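Commentary on secondary and tertiary structure
Spelled out from the first residue to the last, the chains are:
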Amino acid sequence: MSDTSTQPPSPLTHFDAQGQAHMVDVSAKASTHRVAIAEGRITMLPATLALIRSGSAKKGDVLGIARIAGIQGAKKTSDLIPLCHPIALTRVAVEFEVDEASSSVRCRATAECTGQTGVEMEALSAASVALLTIYDMCKAVDRGMTISGVRLMEKHGGKSGSFVAEPANSQ
């Protein structure tokens, strides 16, 4: 076995000095108010978007159910992402914006907590699960829907401070 003591620590926090995956120890971190906002988009046929807007989709209120699914997704993040800490979320909000011009729905998810680790993964999970739920509820009429652009938009709190993403069109 080679000596790894001379190797620099990995910049990826989920790996130890030997390169093994581990859950990050956050016990020495201060509890602070933390907020993360993520977004993504689902693009579909105009007729599918019309079904969603009219509330006449066969399975019911698509955006209402997707909102609840997104909130549930945030709450279940540590069950889905192996090295995420379970977090006592204090708030999760999922909002939708219908864009007729691009025949799409944008999802924006916000997760908050007061704790020792951030809520970026919870916000990303909420947006992803909400968009997947829209796909699931509408796939009978439009299997060609496309989910795209799921990304962290903002995060605030913790030792690393704030992050605000550049607008998508300037990347």
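1. Brief notes about the sheet that holds strand β3 (residues 104–115)
- Spatial strand order, β2-β3-β1-β4-β5: five strands in an open sheet with antiparallel pairing. Two strands bound the open sheet, and with one partner strand each, they are β2 (89–99) and β5 (163–164).
- Where β2 lies against β3, ten bridges are found, and the strand directions are antiparallel. Each residue of the ladder has a partner; that of D99, found in β3, is S104.
- Of the strands in this sheet, β2 and β3 are in contact with helix α2 (residues 62–75), which crosses β2 at around 145 degrees.

2. Observations concerning α2
- With 14 residues, α2 should reach 20 Å at 1.5 Å per residue; the first-to-last C-alpha distance of 20 Å fits that figure.
- Along α2, the residues that are buried comprise V62, L63, G64, A66, A69, G70, G73 and A74.
- Each element contacted by the buried residues of α2 is listed here: α1 (46–54), α3 (77–80), β2, β3 and α4 (120–138).

3. Some thoughts on the pairing of β3
- The element β3 is extensively covered by neighbouring structure, given that ten of its twelve residues are classed as buried.
- Taken together, the twelve bridges between strand β1 (residues 32–43) and β3 define a ladder with antiparallel strand orientation. Within the sheet, the bridge partner assigned to V35 lies in β3 and is E112.
- Linking β2 back to β3 in an antiparallel pair, the connection comprises four residues, with S103 at a positive phi of about 50 degrees.

4. Some details on the nonpolar core
- Within the largest apolar cluster, 28 residues are counted, with the highest numbers of intra-cluster contacts made by M44, V94, F96, V105 and I134.
- Counting residues per element, the ones that place at least two in this core are β1, α1, α2, β2, β3 and α4.
- When residues of this core are assigned to their parent elements, the largest contribution, eight residues, is made by α4.

5. As for the pattern of salt bridges
- Taken as a whole, this structure holds eight salt bridges when the rule is applied.
- Taking the shortest distance from any N to any O, the salt bridge between E39 and R108 comes out at 3.2 Å. Of this pair, E39 sits in strand β1 while R108 sits in strand β3, and the two are 69 residues apart along the sequence.
- Residue classification places E39 among the buried positions, given a relative accessible area of 14%.
- For D79, the salt bridge is made with K76, and the minimal N-O distance between the two is 3.7 Å.
- On the basis of relative accessibility, which here comes to 38%, the residue K76 falls in the partly exposed class.
- The network of salt bridges with shared partners includes E39, E97, R106, R108 and E154.

Here is what the cut-offs are and how they apply
- Residues numbered from 1 in each chain as written.
- Predicted model: local features only at pLDDT ≥ 70, side-chain atom pairs only at ≥ 80, totals over all residues.
- Heavy atoms only, no water.
- Pairing = 2+ DSSP bridges.
- Helix = DSSP H or I, 4+ residues; strand = E, 2+ residues; numbered from the N terminus.
- Contact = heavy atoms within 4.5 Å.
- Axes fitted to C-alpha atoms, helices over the stretch in contact; angles between N-to-C directions.
- Expected span 1.5 Å × (residues − 1).
- Buried < 20%, exposed > 50% of the residue type's maximum accessible area, 1.4 Å probe, protein only.
- Core = buried A, V, L, I, M, F, W, Y, C linked by side-chain atoms within 4.5 Å.
- Salt bridge = Lys/Arg side-chain N within 4 Å of Asp/Glu carboxyl O.

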